[in-house]
Amino acid sequence: MRLHLLALLAKEPAHGYELKQALEQTFGSAYPSPNIGQIYVTLGRLEKDGLVRAVDVEQSNRPNKKVYYLTAKGREVLEIWVDEPTEGPRVRDEFFMKLVLAPLTGIADRMALINRQRRHYLSLMSDLNELLSRTPPTDRVAMLLIEGAMLHLQADLDWLERCQEDLA
Amino acid sequence: MNAVAKTVNLVKIYQDGAVPVPAVRGVDLQVEPGEFVAVMGPSGSGKSTLVHMLGGLDTRTSGEIWLDGKRVDTLSESAWALLRRKKIGFVFQFFNLVANMTVGDNVELPALLSGASPKVARRRRESLLAALNLTDRADAAPAQLSGGEQQRVALARALANEPALLLADEPTGNLDSRNTRDVLRLLGDVHKDGQTIVMVTHDARVASLADRVVSLFDGEIVDDGRIVRRRTGTAGEVIDLR
Ligand SMILES: Nc1ncnc2c1ncn2[C@@H]1O[C@H](COP(=O)(O)OP(=O)(O)OP(=O)(O)O)[C@@H](O)[C@H]1O
Ligand SMILES: [Mg+2]
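Under an unreviewed UniProt entry, the name given to chain B is ABC transporter ATP-binding protein, and the organism recorded is Nonomuraea terrae.

Where an unreviewed UniProt entry is consulted, chain A appears under the name PadR family transcriptional regulator, with the organism given as Nonomuraea terrae.

**Observations regarding the site of ligand 1**
All names here are of chain B. Close to ligand 1 lie 14 residues, the nearest being S43, G44, K47, S48 and T49. G44 places a polar main-chain atom, nitrogen or oxygen, 2.8 Å from an oxygen atom of ligand 1. The separation between an oxygen atom of ligand 1 and a polar side-chain atom of T49 is 2.5 Å. Relative to its unbound accessible area of 640 Å², ligand 1 is 65% covered by the protein chains.

**Let's talk about the interface of chain B and chain A**
Opposite the 33 residues of chain B that make contact, chain A presents 32 residues. Surface buried jointly by chain B and chain A totals about 2700 Å² across both partners, of which 59% is contributed by carbon and sulfur atoms. On the surface where chain B and chain A come into contact, there are 1 salt bridge. The partner of B:D223 in a salt bridge is A:R119, with the nearest N and O atoms 2.7 Å apart. Seen at the junction of chain B and chain A, the total is 9 residue pairs in polar contact (both at pLDDT 80 or more). The set of elements that each furnish at least two residues to the side of chain B that touches chain A consists of α7 (204–207), β9 (212–217), β10 (220–226) and α8 (235–238) of chain B. Tallying contributions element by element places β10(B) first for the side of chain B that touches chain A, with 5 residues.

**Here we look at the nonpolar core**
Membership of the largest hydrophobic core comes to 64 residues, with the highest contact counts inside it found for A:L122, A:L128, A:I146, B:L155, B:L166 and B:L187. In this structure, B:L187 is in contact with B:L155, B:L166, B:I197, B:M199, B:V206 and B:L209, ignoring residues within four places of it in sequence. Within the second largest apolar cluster, 27 residues are counted, among which are B:V4, B:L54, B:V72 and B:V198.

**Examining the UniProt feature "domain: Transcription regulator PadR N-terminal" (unreviewed entry) in chain A**
Per the UniProt entry, the sites bearing "domain: Transcription regulator PadR N-terminal" (unreviewed entry) are residues 5–79 of chain A in this numbering. Taken end to end, residues 5–79 of chain A is 53% helix and 23% strand, and its two terminal C-alpha atoms sit 13 Å from one another.

**Brief notes about the pairing of strand β7 (residues 165–169) of chain B**
Residue and element names in this part refer to chain B. Of all 5 residues in β7, 5 are buried, a share of seventy percent or more. Covered by surrounding structure in β7 are L165, L167 and D169 together with L166 and A168, the residues of both alternating faces. Alignment of strand β6 (residues 88–91) against β7, held across 4 bridges, turns out to be parallel. Note that in β7 the partner of F90 across the bridge is L167. By the bridge criterion, 5 bridges tie β7 to strand β8 (residues 196–200) in an arrangement that is parallel. If you follow D169 over to β8, its bridge partner there is V200. Once you follow β7 into helix α6 (residues 177–192) and on to β8, the crossover reads as right-handed.

**Examining the sheet that holds β8(B)**
Strand-to-strand pairing in sheets goes through backbone hydrogen bonds, with the strands running parallel or antiparallel. Residue and element names in this part refer to chain B. On the basis of which strands lie adjacent, the open sheet formed by 6 strands has the order β6-β7-β8-β3-β9-β10 and mixed pairing. Here the strands that pair on one side only, and so sit at the sheet edges, are β6 and β10. When the angles between neighbouring strand axes are averaged without regard to direction, this sheet yields 15 degrees. Packed onto the sheet, helix α1 (residues 47–54) meets β3 (36–40), β6, β7, β8 and β9 and runs at close to 150 degrees relative to β7. Against the sheet, α6 contacts β3, β7 and β8, and its axis sits at roughly 145 degrees relative to β8.

**Quick look at the UniProt feature "domain: Transcription regulator PadR C-terminal" (unreviewed entry) in chain A**
UniProt's feature table lists "domain: Transcription regulator PadR C-terminal" (unreviewed entry) at residues 91–167 of chain A, given in the numbering used throughout. With 84% helix and 0% strand, residues 91–167 of chain A has its two end C-alpha atoms placed 17 Å apart.

**Structural notes on the sheet that holds strand β2 (residues 21–31) of chain B**
All names here are of chain B. Strand order in the open sheet formed by 4 strands is β2-β1-β4-β5, with antiparallel pairing between adjacent strands. Two strands in the sheet have a free side with no partner beyond their single neighbour: β2 and β5 (70–71). Alignment of strand β4 (residues 62–67) against β5, held across 2 bridges, turns out to be antiparallel. By the bridge assignment, W66 is partnered in β5 with R71. Of the strands in this sheet, β1 (5–14), β2 and β4 are in contact with α1, which crosses β1 at around 125 degrees.

Thresholds applied
- For every chain, the first residue of the written sequence is number 1, and numbering continues from 1 onward in sequence order.
- Written order decides the labels, with chains lettered from A and ligands numbered from 1.
- Local features in this predicted model are restricted to residues whose pLDDT is 70 or higher, and side-chain atom pairs enter the listing and the counts only when it is 80 or higher, whereas totals over whole chains, interfaces and linings include all residues.
- With hydrogens and water excluded, all non-hydrogen atoms of the structure serve as input to the side-chain values.
- Any residue with a heavy atom positioned within 4 Å of a molecule or strand is treated as near that molecule or strand.
- Any pair of N or O atoms that falls within 3.5 Å is considered a polar contact. Within protein, one atom must be able to donate a hydrogen and the other to accept it, and sequence-neighbouring residues count only if both atoms are side-chain atoms.
- Per-residue and other accessible areas were derived by the Shrake-Rupley procedure at a 1.4 Å probe size, with only the shown protein chains allowed to occlude residues.
- Note on definitions: a residue-residue contact is assigned when non-hydrogen atoms from the two residues lie within 4.5 Å.
- A 1.4 Å probe defines the accessible area here, and the buried area is the portion of it lost by two parts on being joined, summed over both.
- By convention in these notes, a salt bridge is any Lys or Arg side-chain nitrogen within 4 Å of a carboxyl oxygen on Asp or Glu.
- Here a helix means four or more residues in a row that DSSP labels H or I, a strand means two or more in a row labelled E, and each is numbered from the N terminus.
- Residues enter a nonpolar core if they are buried and are Ala, Val, Leu, Ile, Met, Phe, Trp, Tyr or Cys, with the set joined through side-chain atoms within 4.5 Å.
- For every residue, the accessible area obtained with a 1.4 Å probe (protein chains only) is divided by the maximum for its type, and the residue is called buried under 20%, exposed over 50%, and partly exposed between those limits.
- UniProt positions are given in the numbering used here, feature names are shortened, and annotations may be inferred rather than shown by experiment.
- What makes two strands pair is DSSP finding at least two bridges between them.
- Clockwise travel from the first strand over the helix to the second, with the strands pointing away from the viewer, marks a crossover as right-handed.
- Structural elements are reduced to axes, namely lines fitted to C-alpha atoms, with helices fitted over the stretch in contact, and the angle between N-to-C directions of any two is expressed from 0 to 180 degrees.

Structure, rendered in structure tokens:
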């Protein structure tokens, strides 16, 4: 969450609760509802690393609130994050390892593994379908996230078929 | 209640080439009323051959085919034609629309052939075209349509006679994501209303609407099971955002 908070602070200084609200407004349902405690802990670490700094703002009748802003070093870290390409999905995943190693262990055959995995992917897809139908079209960011997840799953299924043709 | 479709040790060996090709090798499949079965499998695994036999569009080499409790693999071609008109809707992998008829008439004809009144057939035509976002194209000839549009017309036509069994071979093969959404919605709706469906598909979104997935490999069923529906929550919870 470190970099997500840095990105929000690059727009304008904010206190912890404002950051929580900004995450909610920007991502809609695409972001798991952020926990305020976690936001404060993350801000504390960012401050310790010199990426943000806080000023106390006095409030009448209430404890001071801390308003955080981005430091030059923070901006630099953020720019590096934005500029560098993001890793693609991991293809050599748990399932791949099981598939390759399974025949050696004699515990399961590949066809059975592939079939089980196919059912699993399809049930994930069915969850996503249901999710998409429940997501209001105005929640554009969430729609895109779901569609992205669906396309990834389709690719996983196509790849399973390739494995079946080649290995089984 | 009878199974809508059932096969017993169904075999198809194509003998027309130099070497016989075993396309379907002993398939036992039972489809219950209202069930939506997706058929998946690699290219050449026998999916089209299987659904063609279920619809009487290809003859079996051996084994049995039953529709609604009646044995049908022994029927004559004309008896099959009659049965198809009344009970089966078919969407082909390569659509097969009647070229010299308008889109609207392509959709209306099967209902008329199956004995629906002109009024009912017309109403059905209009609701199907609307559901698939094709109302504007009703007077066009199939050749004037894009692949995706023709695919949707083929689906509308297959549903026009309110068939006991909808057989579909890759009905979303030519669709972009928006049109796939229309097709998915329609399929979901007719399935909810009790439509029995056997559908060949590579599209995981389509397959995940099904109650059950049958996987073919080399002409045999290698997996047959229900799709479990489990998780609920927001997108952020269901999809990991690390
Ligand atoms: N008319 C035919 N004559 C001879 N062989 C055929 C004929 N039709 C299909 N086959 C062969 O039967 C096997 C199964 O073909 P089928 O069309 O059922 O596969 P499929 O699973 O539908 O594949 P795809 O995903 O590519 O549509 C293939 O080996 C194919 O070459
Ligand atoms: Mg085929």
